[in-house]
Amino acid sequence: MNTSNRLIIFDTTLRDGEQSPGASMTREEKLRIAKQLERMKVDVIEAGFAAASQGDFESIRAIAGAVRESTICSLSRANDRDIARAAEALAPAERKRIHTFIATSPLHMQMKLRMTPEQVLTQAQNAVRYARQFTDDIEFSPEDGSRSDEDFLCRVLEAVIAEGATTINFPDTVGYAVPEIFGNTIKRLRERIPNSDKAIWSVHCHNDLGLAVANSLAGVMIGGARQIECTVNGLGERAGNTALEEVVMALRTRAAYYNLTVGIDTTQIVAASKMVSQITGFAVQPNKAVVGANAFAHASGIHQDGILKARETYEIMRAEDVGWTANKIVLGKLSGRNAFKQRLHELGIALESEAEVNAAFLRFKELADRKSEIFDEDIMALVSEEQQAQESEHYRFISLTQQSTTGAVPHARVEFLVGGVQRSCEGQGDGPVDATVNAIESAAASGAELVLFSVNAISTGTQSQGEVTMRLSRDGRIVNGVGADPDIIVASAKAYLSALNKLHAKDERIDPQP
Ligand SMILES: CC(=O)SCCNC(=O)CCNC(=O)[C@H](O)C(C)(C)COP(=O)(O)OP(=O)(O)OC[C@H]1O[C@@H](n2cnc3c(N)ncnc32)[C@H](O)[C@@H]1OP(=O)(O)O
Ligand SMILES: CC(C)C(=O)C(=O)O
């Protein structure tokens, strides 16, 4: 099955990506990302781990009901309960895949699973056999594959293919692999396993040594894998996973060498990257390949001279091909609805209804009154704020007055709505943001701990909007709130209230009000 030159792109931003500490996403956020992945024409979306929580189950079910063009997948351990839960969550999907896994390395079997190799083999077979009752699209992963014994892998993988696994995913769970060894291991496994051609082989690499993309490509070129598992911005457990944008653009830019095709609409990459970054609060470093702000920027004279004469002198890809828009129309306070809608379209932002477009347009006009030029990042921030506001509006920012004078203790007064009732509160603190948060807490009394505070300028120049991420933790729950405004203290207040809204929404799900 590896003779085809079509490569399957399997995105696991919503599952492995969410395993990054602090990247937990709400159902609505996952749905927005899933729709963007569908627009980008990702072949398979791993939407979550249905047995992990009621919230994850509901997210997968919502995505399975809303996404039509991509296969929807849920991860499950190799046991009946997890598999049945995955099948139930995936039920509304047009195309569904159950991904079941069990560790095969001596270390994991002995120390973690406390099972003998024979027990693991039997459990893997049983899991695949059971999963086949629900769909004929079954993926199996031998977790910690790159540290597993090859003879044992041959036995397990041959057995699960015989039970009906249609994709064999070879994971480098701890990012230990190096390209040549990784690629050759997959090659040998495919040669040694008699029924290996009955499955599509896949790679799932982690970036602990910064080799995830290189290992994935070696798995494809040397090993003959035809599916790559990856995440937007390389989000994922520990140092992350193979970055979708990097692996896809490597295949495309060096097409003559790889001679493989992918179905991805690369012009949706930057929009996906910005959406994931905004929702998770994980900023993209400026020098990040493909999606970093500097990926197509040139500061030195010799380079600028070359670019002006012929772009190819210093650019191996075209910025437009990955979705960086060349701003031909400058949006500002005199722009109309049509130009605004066109820009939303270019940014891959599909608002559901005319009412949503109108609400976003109103916020755009408000912002344009305070800021002379509106950049794409501003629009993405305001649409994201609008969507967050619709998700839960228990707390809503109204206004802020803040005073800081050198040598004096900063003071803030914040007005906001709590369940529709206007509250006005004051606070002091070590700095203006601290004073603002203290003011809000004096009325909200959430008891949450602030575990991350980050500020990003979302466009260029001192008139840029500040985008603030506040991560709150309470009773083991972690949420991210994001707020944007040209005034970073206001952006901080909005981010804090947005995080409180998410905690409130989680409380409501557990203990709904009558
Ligand atoms: C490499 C990866 O990325 S794998 C995916 C990792 N992702 C996650 O773990 C996120 C979702 N996980 C969860 O929500 C929880 O861990 C759950 C719901 C799956 C399980 O929760 P709990 O029942 O409380 O178990 P807990 O997480 O403490 O321990 C895991 C158990 O599963 C067992 N287990 C681990 N992997 C597997 C597997 N692939 N198949 C079967 N059992 C497994 C462990 O041996 C352990 O069993 P034990 O309780 O008998 O010791
Ligand atoms: C479940 C498997 C594929 C995984 O995430 C890993 O091994 O890293």
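Being a predicted model, the structure only gives us computed values, none of them experimental. Position numbers for residues start from 1 in each chain and track the written sequence from start to end. Working convention: letters from A go to chains and numbers from 1 go to ligands, in the order in which they are written. Given that the model is predicted, a residue must reach a pLDDT of at least 70 before its local features are reported, and side-chain atom pairs must reach 80 or more before they are shown or counted; all residues, however, enter totals for whole chains, interfaces and linings. In computing side-chain properties, one takes all heavy atoms of the structure into account and sets aside hydrogens as well as water.

**Comments concerning the UniProt feature "binding site: Mn(2+)" (unreviewed entry) in the protein chain**
UniProt positions are given in the numbering used here, feature names are shortened, and annotations may be inferred rather than shown by experiment. On the UniProt side, "binding site: Mn(2+)" (unreviewed entry) is annotated at positions that read Asp 16, His 204, His 206 and Asn 241 here. In terms of the greatest pairwise C-alpha distance, the residues named above, spread along 226 residues, form a tight cluster of at most 10.2 Å across. Where helices and strands are cited, they refer to DSSP runs of H or I of at least four residues and of E of at least two residues respectively, numbered from the N terminus. Turning to its location among the elements, Asp 16 is positioned in the loop between β1 (8–11) and α1 (27–39). Under the relative-accessibility criterion, Asp 16 is labelled buried at 2%. Contacts between residues were defined by any pair of non-hydrogen atoms, one from each residue, lying within 4.5 Å. With sequence-adjacent residues up to four places away left out, Asp 16 is seen in contact with His 204, His 206, Gly 236, Glu 237 and Asn 241. Given a relative accessible area of 5%, His 204 falls into the buried group. Burial status follows relative accessibility: with a 1.4 Å probe on protein chains alone, a residue under 20% of its type maximum counts as buried, one over 50% as exposed, and anything between as partly exposed.

**Some details on the sheet that holds β1**
We call two strands paired when DSSP finds no fewer than two bridges between them. On the basis of which strands lie adjacent, the closed barrel formed by 8 strands has the order β1-β2-β3-β4-β5-β6-β7-β8 and parallel pairing. Each adjacent strand pair in this sheet contributes to an overall mean axis angle of 25°, direction not counted. One ladder, built from 6 bridges, connects strand β3 (residues 71–77) with strand β4 (residues 96–103); its direction is parallel. For Arg 77, the partnering residue across the bridge sits in β4 and is Phe 101. Here an angle of 0 to 180 degrees is reported between the N-to-C directions of two axes, which are lines fitted to C-alpha atoms, with helices fitted over the stretch in contact. Across the face of the sheet, helix α3 (residues 80–90) comes into contact with β2 (44–49), β3 and β4 while running at roughly 160° to β3. Against the sheet, helix α8 (residues 212–221) engages β6 (167–172), β7 (200–205) and β8 (227–230), with an angle of about 165° to β7.

**Some words on the nonpolar core**
The set of buried Ala, Val, Leu, Ile, Met, Phe, Trp, Tyr and Cys residues whose side-chain atoms join them within 4.5 Å is what this entry labels a nonpolar core. With 88 residues, the main nonpolar core has Met 40, Ile 72, Phe 140, Ile 168 and Trp 201 as its most contacted residues. By residue number, the principal contributor to this core is helix α6 (residues 150–163), which donates 8 residues. Lining this core are residues from two domains, each supplying at least three of them: domain 1 (8–280) and domain 2 (296–323). If sequence neighbours within four positions are ignored, Phe 140 has contacts with Thr 100, Phe 101, Ile 102, Ala 124, Val 128, Val 156, Leu 157, Val 160, Ala 165, Thr 167, Ile 168 and Asn 169. Core analysis: the second largest hydrophobic core is formed by 29 residues, Ala 412, Val 418, Ala 448 and Ile 489 among them. Domain segmentation is taken from an automatic or database assignment of domains.

**Looking at the packing of aromatic side chains**
Aromatic ring pairs: the centre-centre distance and the angle between the two ring planes describe each pair. When two rings of Phe, Tyr or Trp (its six-membered ring) have centres within 6.5 Å they constitute a pair, described as stacked for plane angles under 30 degrees, edge-to-face for angles over 60, and tilted for the intermediate range. As enumerated under the stated definition, the model contains 7 aromatic pairs in all. Put simply, the rings of Phe 340, Phe 361 and Phe 364 pair up and form one aromatic cluster. Only Lys NZ and Arg CZ are tested; either one counts as a charge over a ring when it is within 6 Å of the ring centre and within 35 degrees of the ring normal. The positively charged end of Arg 85 is found above the aromatic ring belonging to Phe 57, 3.8 Å away from the centroid.

**Thoughts on α1**
The terminal C-alpha atoms of α1, which comprises 13 residues, lie 18 Å apart, in line with the 18 Å expected from a rise of 1.5 Å per residue. Turning to α1, its buried residues are Glu 29, Lys 30, Arg 32, Ile 33, Ala 34, Gln 36, Leu 37 and Glu 38. Positive phi appears at Lys 41, one or two residues downstream of α1, with a value of about 70°. Multiplying 1.5 Å by the helix residue count minus one yields the expected span of that helix.

**Looking at the confidence of the model for the protein chain**
Values of pLDDT, which run from 0 to 100, indicate the predictor's confidence residue by residue. Per-residue pLDDT for the protein chain averages 91, and the proportion of residues at 70 or more is 95%. Predicted as a complex, the structure gets a pTM of 0.81 and an ipTM equal to 0.98.

**Side note on a nonpolar patch on the surface**
The grouping of Leu 450, Phe 453, Val 455 and Ile 488 at the surface amounts to a nonpolar patch, some 320 Å² of accessible area in total. Ranked by residue count, the leading element in the nonpolar patch is strand β12 (residues 449–457), at 3 residues. Positionally, Phe 453 belongs in strand β12. Judged by its relative accessible area of 39%, Phe 453 falls in the partly exposed class. The residues that make up patches have over 30% relative accessible area and no salt bridge, and they are joined within 9 Å when like-charged or within 5 Å when they are Val, Leu, Ile, Met, Phe, Trp or Tyr. Here the accessible surface of atoms and residues is derived via Shrake-Rupley with a 1.4 Å probe, and residues count as covered only by protein chains that are part of the display. Basic side-chain nitrogens of Lys or Arg form a salt bridge, by our definition, when they fall within 4 Å of a carboxyl oxygen of Asp or Glu.

**Side note on the pattern of salt bridges**
Side chains that differ in sign of charge can pair as their charged atoms come close. Within the structure shown, the criterion is met by 35 salt bridges. Notably, a salt bridge pairs Arg 6 with Asp 43, separated by 2.9 Å at the nearest N-O pair. Residue Arg 6 is found in the segment before β1, and its partner Asp 43 is found in the loop between α1 and β2; the two are separated by 37 residues along the sequence. Look at Arg 6 and you get partly exposed, because its relative accessible area is 33%. Across the pair Asp 82 and Arg 81 runs a salt bridge whose closest N-O atoms are separated by 3.4 Å. With a relative accessible area of 1%, Asp 82 lands in the buried category.

**Thoughts on the pairing of β1**
Judged by which residues are buried, β1 turns out to be covered on both faces: Ile 8 and Phe 10 on one side and Ile 9 and Asp 11 on the other are all buried. One ladder, built from 4 bridges, connects β1 with β8; its direction is parallel. By the bridge assignment, Ile 8 is partnered in β8 with Gln 227. Pairing of β1 with β2 involves 2 bridges; the strand directions are parallel. Note that in β2 the partner of Asp 11 across the bridge is Ile 45. Seen with the strands pointing away from the viewer, any crossover whose path from the first strand over the helix to the second strand runs clockwise is right-handed. What joins β1 to β2 is α1, and the crossover it makes is right-handed.

**What about the environment of Ile 8?**
On the secondary structure map, Ile 8 appears in strand β1. What makes Ile 8 buried here is its relative accessible area of 18%. Sequence-wise, Ile 8 and Val 409 are 401 residues apart; in three dimensions their C-alpha atoms are separated by 58 Å. Once you skip the residues sitting within four places of it in the chain, Ile 8 turns out to touch Asp 43, Val 44, Ile 200, Arg 226, Gln 227 and Ile 228.

**Some thoughts on helix α16 (residues 432–444)**
Relative to the 18 Å expected for 13 residues at 1.5 Å per residue, α16 spans 18 Å between its end C-alpha atoms, a close match to the ideal helical length. Among all positions of α16, only Val 433, Ala 435, Thr 436, Val 437, Ala 439, Ile 440, Glu 441, Ala 443 and Ala 444 are buried. Looking one or two residues beyond α16, the residue adopting positive phi is Ala 445, at roughly 45°.

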